[in-house]
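What follows is each chain in one-letter form.
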Protein chains: 2
Amino acid sequence: MKKTFSPLLLFSLVILCAREKTAPDYPIQPVPFTYVQLTDSFWSHRLEINREVTIPSALRKCEKTGRIRNFEIAAGQQDGEFQSPYPFDDSDVYKIIEGAAYSLATFPDEKLSAYLDSLIAKIAAAQEDDGYLMTWRTINPNKPPTEWSGSAERWSDIGGGHELYNAGHMYEAAVAHYQVTGKRNFLDVAIKNADLIYNTFGPGKLMQPPGHQEIEIGLVKLYRVTGEKKYLDLAQFFIDQRGNSAGHELYGAYSQDHRPIFEQNEAVGHAVRAGYFYSGVADVAALTGEQAYIDAIDNIWENVVSKKLYITGGIGARRHGEAFGDNYELPNANAYNETCAAIANVMWNFRMFLLKGESKYIDVLERTLYNGLLSGISLEGDTYFYPNPLASDGVAAFNQGATTRKEWFNCSCCPSNISRFIPSLPGYFYAHRDDTIYVNLYAASHAQVELKSGLVQISQETDYPWDGRIKLIVKPEKVTHFIVKLRLPGWSQHQPVPGDLYTYIDTESSAIELTINGQLQKTDYHNGFLKMTREWQSGDTIELSLPMRVHKVEAHVAVAEDSGKIALERGPIVYCAEAVDNFGKVTNLALDPGSDFLSDFFEYVLNGVVVVRGFAARTDKNSQLQDFRAIPYYAWNHRGVGEMAVWLPMALFR
Amino acid sequence: MKKTFSPLLLFSLVILCAREKTAPDYPIQPVPFTYVQLTDSFWSHRLEINREVTIPSALRKCEKTGRIRNFEIAAGQQDGEFQSPYPFDDSDVYKIIEGAAYSLATFPDEKLSAYLDSLIAKIAAAQEDDGYLMTWRTINPNKPPTEWSGSAERWSDIGGGHELYNAGHMYEAAVAHYQVTGKRNFLDVAIKNADLIYNTFGPGKLMQPPGHQEIEIGLVKLYRVTGEKKYLDLAQFFIDQRGNSAGHELYGAYSQDHRPIFEQNEAVGHAVRAGYFYSGVADVAALTGEQAYIDAIDNIWENVVSKKLYITGGIGARRHGEAFGDNYELPNANAYNETCAAIANVMWNFRMFLLKGESKYIDVLERTLYNGLLSGISLEGDTYFYPNPLASDGVAAFNQGATTRKEWFNCSCCPSNISRFIPSLPGYFYAHRDDTIYVNLYAASHAQVELKSGLVQISQETDYPWDGRIKLIVKPEKVTHFIVKLRLPGWSQHQPVPGDLYTYIDTESSAIELTINGQLQKTDYHNGFLKMTREWQSGDTIELSLPMRVHKVEAHVAVAEDSGKIALERGPIVYCAEAVDNFGKVTNLALDPGSDFLSDFFEYVLNGVVVVRGFAARTDKNSQLQDFRAIPYYAWNHRGVGEMAVWLPMALFR
């Protein structure tokens, strides 16, 4: 396809211009996804599938389910009732537009671009004169949609009505669309709406925080592109009002509204709300420079990683309320682990890293990314898990009535969320601060990093996550002094997750090898990064070798469901056993923590994965040994329905 | 469910009464399926599934596709055009009634019985006054149905119109229904129709043989229950007219009409037509005592088993014309092997055995039954293969547009055929002649055999086909002198198929063990049977141990597609390799004919199968060895779509 404009350049101009350079911000800046080109076989294929399958099919679903028709009806262009089941269904359209915009940035597509414009025209037409935009209330202010209760009157149900949630996604989409295309058609809609909300909410006006956080993130993005500080102020106001509105809690712990953020130190309530909340708090902390916000989310983060994080990076253990459980409440078959919560967890941890520069946040991010997030979408890119349990009996219909991934859901937040997340992924790989380059994630790629001292090209060659050998070729425009920091993953340091929630049973020390231009380097380890300071010349080659071994993992003794069990990991990948690989069943298998496992790459299995192999004992057959195979958790449920388990009981083989 | 009548007794009365005992017949008589109760885990489950899933779902399909409405329209009870695509679609209804009747014989079901009566009432109403019955011609004698050409006028297209084919299935169904229920409602329809056909066809009347054989079998069954010899005469007339009509061939080799049966010595043309034809010839041979018929089908049988039989027992290699190929033309991925042809092959070989008493016919029957026939229906009993290829690339839609089993077909002969075959299966297990009991097939079961010298109960205990140990407990009413013949399968004698089409590479001699009451017996081997003559007492226990080893099979050098390849067998089961068990692919694998394979029963795999395991060399990866698993061919295509192969290239492992 012919490139007709340079979205890459445009993107960079847009994000650099709007705000004053001296305003507070994250100390570390990501290298935007438009400056990173993935060339690997693992992720680039996913981006391609997202572009070619996920976004088009999600848009068709929005058309088919009336989500787009809702805008036409609200605009008076068509007659009819509100078409879809939930008041927040507008947000799916926004999220897919956001994803499509990201996709356009790296893969121009005039047809898609024109389609987005036509959608935006419908959205603009559905916006009321004063900026209000929420199709189900505009269509019929007296009648709530199916599957929803509560008044349909404007601002009458800030807790449940999702006006502010929808708005947040709209701002994210509008900003993405503006950044990529330079067109203001969607941005102007967002600004008009944000101004209305700014005039409606705030001190002395409506004081309620949104029932479902998300607008905070959107307002911060709007602030970034417009430079209008009132949007940041409004985001901060919403955060401050939480647990604080009129001196009492409005929505309770479900919406993290049980007490002010500064008094919270445990992750509670609805996990997606929580993840967006903490992300918004990080944004406000960074852009206001207020340390108290950071301290609060530090405490919550410590709570999550030490007591509420699945080995897959999933969060939100409870189905009831789609919520965090109590400390160490981490059931497997009944794990909820909403895909959206995994995305929120990635967003939050990335912001934590941008605040702190510590690799432990990327450890959590990477774990979530390769496991509990990626499991949410099929290899084919057109079916989804809403919850992501760590075990299945192949019978219980855990996925909203199904035992397999589904094409869509009544509440279809996860498909639209993943469709916008995937194309943004390259933006998580590299970051920079002054004259330091951070290499956070590993995959064959090219990146362009703007250091204070000048532009640096970086090329990464690796077969990560299957192979631990990583080669980086650094190309500054001229010989330049700067720092390159390579993340040393926690798993390579026998620290799969910060804290003691998960530990490796095997204790061999890992042989990390680092060379520059073939010269072995003494490793300078700092905040979880290997730090290399030198005068870099174009073509300088860093080679890092991370040991890819199968690790046996034990959970903290307080996690009742994992008691006496082990899980298997290799690199960033968490493994699971599926019935189809293990003679039809896995709940009858036990693993010897002392036994060895082979791992080999098989190119024809599940689009190419490393399969872990060894022996298992039959607990239902006098401990008889049989061949055992495990596959990456993210790829389960692609070969029919059957039992699956991440955690398997331990047994000493005789 | 309460047993309200004794169909078993009824069945026996009916089949014994109609004909004179002195009339010629098969020298060997089968023990009727109503006298055999399967108690095993392999087949009895299939019978249950057939009763609970296959027959009800097939009846629903007949309702949904208009096959039943056709009778109502022909009867003038409803308006409309002929509903379904083919003129022979009535036959599906007949076959399912036949299967349902068999099922009623062993499992009384008043609701099903009443439903059959309501169907039969519609069929009777659709019959024209003179006995003519063919809904599409009755509905619109001027307009042929969709997907069919040719005149719709009565008897105008004996070659293609399928009037006589439909009639044959109607007679089989009517006889089955009469035998099981004692009701004449369907039988009278059949007799009225047969009389019309008898008055229409024959010397000096219409002289054409049917384009698709089947009526011959039906007429013989009608002769058996009515004692009316004219039906046997008509069957014989149709057989004799083939290749002989008006002194020239009418339909050619496609319909085995290229020359008289006595001059045929090669299986040619449409395989289902052929299989029904040879079965009909065997019936007429037995019931007339004419040796010339037997000689003819002997020659054809030799041709099939030595040159045209798949290792799976499938026949009819060519898709084009659904026909036998040339000698040794046995392609794998393009193998047609229609499920109906496998059923016809079983029917034919059983009749050959009843004529000759030789076990080689049961060898072919057993091979077909456990492999190329059983593959035609899913484990769940509700989806079907029409063709049964021996290899798949997981892409080519070999099954009428699908790569998986389908719920139904436009031409849905196979689903209806298998629904009537399965419940009749117990009738293939035992046979008798004077004072000899033949045990042909092995499965845990009870049977009651009527010898000249009195009733004998036989109980069989075994886990065949997974285990070769078979225990038979013989219970005559009193101490009696008679003969028990146990079939010694060809595969246990290194003779998988009569002739040299397939040979075992491994040449170890098999250790057959036979004991009576624990005493080792000298084996008296006769016509492929172990013959035991003695005064049997109630409780005498025969134990036979057949060696269950994995055999490597080579095909005759003239079979081009199997050149340089081997297949794996164990007992009567032919194995295949599927991608899902072999790291996603099988066309890149080679087996060492000198290597050993393990075989173990896994109860959770594919409803419980012996899995064959060993190593394979990667032809695409420098002969690197990897784990290899093979599963029974009949169970393939149950765990997603992917490559499958029965024959794999040979390679000597280094």
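What you see is a predicted model, and the numbers here were worked out from it, not measured in a lab.

## Side note on the overall build of chain A
So, point 1. Secondary structure summary: chain A contains 15 helices and 24 strands in total.
So, point 2. In terms of overall size, chain A behaves like a compact globule, its C-alpha atoms giving a radius of gyration of 24 Å where 654 residues would be expected to give roughly 26 Å.
So, point 3. Counting only C-alpha atoms, chain A reaches 75 × 65 × 50 Å along its principal axes.
So, point 4. For chain A, buried positions account for 64% of its 654 residues.
So, point 5. Once local pairs closer than 6 in sequence are excluded, the contacts in chain A between residues at least 24 apart make up 70%.
So, point 6. If you sum the accessible surface of chain A, you get close to 22300 Å²; carbon and sulfur atoms cover 48% of it.
So, point 7. Within chain A, the 79 negative side-chain charges are centred at a point lying 2 Å from the centre of the 61 positive side-chain charges.

## Examining the sheet that holds strand β8 (residues 469-476) of chain B
Residues and elements named next belong to chain B.
So, point 1. Within the open sheet, the 7 strands sit side by side as β2-β6-β7-β8-β15-β11-β12. Their pairing is antiparallel. Both edges of this open sheet fall to β2 (36-38) and β12 (519-520), since each of them pairs with a single strand only.
So, point 2. One ladder, built from 7 bridges, connects strand β6 (residues 445-451) with strand β7 (residues 454-462); its direction is antiparallel. Paired with Glu450 across the bridge in β7 is Leu455.

## As for the relation of the copies chain A and chain B
Between the two copies of the chain lies a rotation about an axis combined with a shift along it.
So, point 1. Between the two copies, chain A and chain B, the superposition gives an RMSD of 0.0 Å; the rotation angle is 180° and the shift along the axis is 0.0 Å. Such a combination of turn and shift is consistent with a two-fold rotation axis.
So, point 2. Comparing interface residues between copies, 100% of those in chain A also lie at the interface in chain B; the contact surface is shared.

## A few points about the sheet that holds strand β13 (residues 525-526) of chain A
Residue and element names in this part refer to chain A.
So, point 1. Strand order across the open sheet formed by 6 strands is β1-β4-β5-β9-β14-β13, with mixed pairing between neighbours. Edge strands, defined here as strands with exactly one partner in the open sheet, are β1 (29-30) and β13.
So, point 2. When strand β9 (residues 480-487) meets strand β14 (residues 529-536), the two strands line up antiparallel, connected through 8 bridges. If you follow Phe482 over to β14, its bridge partner there is Arg534.

## Things to note about the interface of chain A and chain B
So, point 1. Between chain A and chain B, the contact holds 20 residues from the first and 20 residues from the second.
So, point 2. Summed over both sides, the interface between chain A and chain B buries roughly 1800 Å², with carbon and sulfur atoms accounting for 51% of that surface.
So, point 3. On the chain A side of the interface with chain B, the three residues burying the most area are Phe583(A), Tyr604(A) and Arg629(A), jointly 39% of the side's total.
So, point 4. The interface formed by chain A and chain B includes 6 salt bridges.
So, point 5. Inspection of the chain A/chain B interface yields 8 residue pairs in polar contact (both at pLDDT 80 or more).
So, point 6. Its residues assigned to classes, the side of chain A that touches chain B shows 7 nonpolar, 3 polar and 10 charged.

## Notes on helix α15 (residues 413-424) of chain B
Residue and element names in this part refer to chain B.
So, point 1. In this model α15 runs 17 Å from its N-terminal to its C-terminal C-alpha over 12 residues, within 8% of the 16 Å that 1.5 Å per residue would give.
So, point 2. Along α15, 12 of the 12 residues are buried, which leaves the element largely enclosed by surrounding structure.
So, point 3. Of all the residues in α15, the buried ones are Cys413, Cys414, Pro415, Ser416, Asn417, Ile418, Ser419, Arg420, Phe421, Ile422, Pro423 and Ser424.
So, point 4. On its buried side, α15 packs onto α2 (43-64), α4 (90-106), α7 (163-181), α11 (271-288), α13 (339-356) and α14 (359-373).

## A closer look at the packing of aromatic side chains
So, point 1. A full pass over the atoms with the stated rule returns 75 aromatic pairs over all chains.
So, point 2. Arranged with centres 5.5 Å apart and planes meeting at 80°, the rings of Phe42(A) and Tyr634(A) form a pair that is edge-to-face. Placement of Phe42(A) in the loop between β2 (36-38) and α2 (43-64) and of Tyr634(A) in the loop between β22 (625-632) and β23 (644-645) is noted, with a sequence separation of 592 residues between them. We note that Phe42(A), like Tyr634(A), is buried.
So, point 3. Both rings, one in Phe353(B) and one in Phe529(B), keep their centres 6.0 Å apart while their planes meet at 40°; by these two values the pair is tilted. Of this pair, Phe353(B) sits in helix α13 while Phe529(B) sits in strand β14 (residues 529-536), placing them 176 residues apart in sequence.
So, point 4. The class for Phe353(B) is buried, based on a relative accessible area of 0%.
So, point 5. Put simply, the rings of Phe42(A), Trp43(A), Tyr370(A), Tyr442(A), Tyr464(A), Trp466(A), Trp491(A), Phe601(A) and Tyr634(A) touch in pairs and so form one group of aromatic residues.
So, point 6. Looking at Lys205(A), its charged tip hangs above the ring of Tyr198(A), at a distance of 4.7 Å from the centre.
So, point 7. A cation over an aromatic ring shows up here: Arg184(B) above the ring of Tyr178(B), its NZ or CZ 5.8 Å from the ring centre.

## Digging into unusual backbone geometry
All names here are of chain A.
So, point 1. The linkage connecting Tyr464 with the following residue, Pro465, adopts the cis geometry, with an omega of 10°.
So, point 2. By the element assignment, Pro465 lies in the loop between β7 (454-462) and β8 (469-476).
So, point 3. One non-glycine residue, Asn527, lies in the positive phi region at around 55°.
So, point 4. Mapped onto the fold, Asn527 is located in the loop between β13 and β14.
So, point 5. Within the chain, Ser623 stands out as a residue other than glycine whose phi angle is a positive 60°.
So, point 6. Along the chain, the position of Ser623 falls in the loop between β21 (609-618) and β22.
So, point 7. The exposure class of Ser623 is partly exposed, given its relative accessible area of 36%.

## Some thoughts on the environment of Gly528(B)
All names here are of chain B.
So, point 1. In this structure, Gly528 sits in the loop between β13 (525-526) and β14.
So, point 2. Spatially, the C-alpha atoms of Gly528 and Pro489 are 7.4 Å apart, while their sequence positions differ by 39 residues.
So, point 3. When neighbours within four sequence positions are excluded, Gly528 is seen to be in contact with Ser359, Leu486, Arg487 and Leu488.

## Observations regarding the side chain of Glu569(B)
Residue and element names in this part refer to chain B.
So, point 1. If you trace the backbone, Glu569 turns up in strand β17 (residues 565-570).
So, point 2. Its relative accessible area of 1% is what places Glu569 among the buried residues.
So, point 3. Within the structure, Glu569 has its side chain in polar contact with the side chain of Arg367 (distance 2.6 Å).
So, point 4. Beyond its immediate stretch of four places on either side in the chain, Glu569 contacts Ile311, Arg367, Trp491, Pro496, Tyr504, Arg549, Val550, His551, Val553, Val574 and Tyr575.

## Description of the pattern of salt bridges
So, point 1. Inspection of the entire model under this criterion finds 75 salt bridges over all chains.
So, point 2. Its salt-bridge partner being Glu302(A), residue Lys360(A) comes within 3.7 Å of it at the nearest N-O pair. Highlighted residues: Lys360(A) in helix α14 (residues 359-373) and Glu302(A) in helix α12 (residues 291-308), separated in sequence by 58 residues.
So, point 3. Across the pair Asp326(B) and Arg318(B) runs a salt bridge whose closest N-O atoms are separated by 3.4 Å.
So, point 4. Assessed through its relative accessible area of 48%, Asp326(B) is described here as partly exposed.
So, point 5. Look at Arg318(B) and you get partly exposed, because its relative accessible area is 30%.
So, point 6. Salt bridges here are not isolated pairs; linked through shared partners, they connect Glu98(A), Glu172(A), Lys221(A) and Arg420(A).

Rules of the game
- Residues numbered from 1 in each chain as written.
- Chains lettered and ligands numbered in written order.
- Predicted model: local features only at pLDDT ≥ 70, side-chain atom pairs only at ≥ 80, totals over all residues.
- Heavy atoms only, no water.
- Helix = DSSP H or I, 4+ residues; strand = E, 2+ residues; numbered from the N terminus.
- Rg over C-alpha atoms; globule rule 2.2 N^0.38 Å.
- Buried < 20%, exposed > 50% of the residue type's maximum accessible area, 1.4 Å probe, protein only.
- Contact = heavy atoms within 4.5 Å.
- Areas by Shrake-Rupley, 256 points an atom, 1.4 Å probe, with all protein chains shown as cover.
- Lys, Arg positive; Asp, Glu negative; His and termini not counted.
- Charge placed at Lys NZ, Arg CZ, Asp CG, Glu CD.
- Pairing = 2+ DSSP bridges.
- Least-squares fit on C-alpha atoms with pLDDT ≥ 70 in both.
- Buried area = accessible area lost by both parts, 1.4 Å probe.
- Salt bridge = Lys/Arg side-chain N within 4 Å of Asp/Glu carboxyl O.
- Polar contact = N/O pair within 3.5 Å; in protein donor to acceptor, adjacent residues only side chain to side chain.
- Nonpolar A, V, L, I, M, F, W, Y, C, P; charged D, E, K, R; others polar.
- Expected span 1.5 Å × (residues − 1).
- Phe/Tyr/Trp six-rings, centres within 6.5 Å; stacked < 30°, edge-to-face > 60°.
- Lys NZ or Arg CZ within 6 Å of the ring centre and 35° of its normal.

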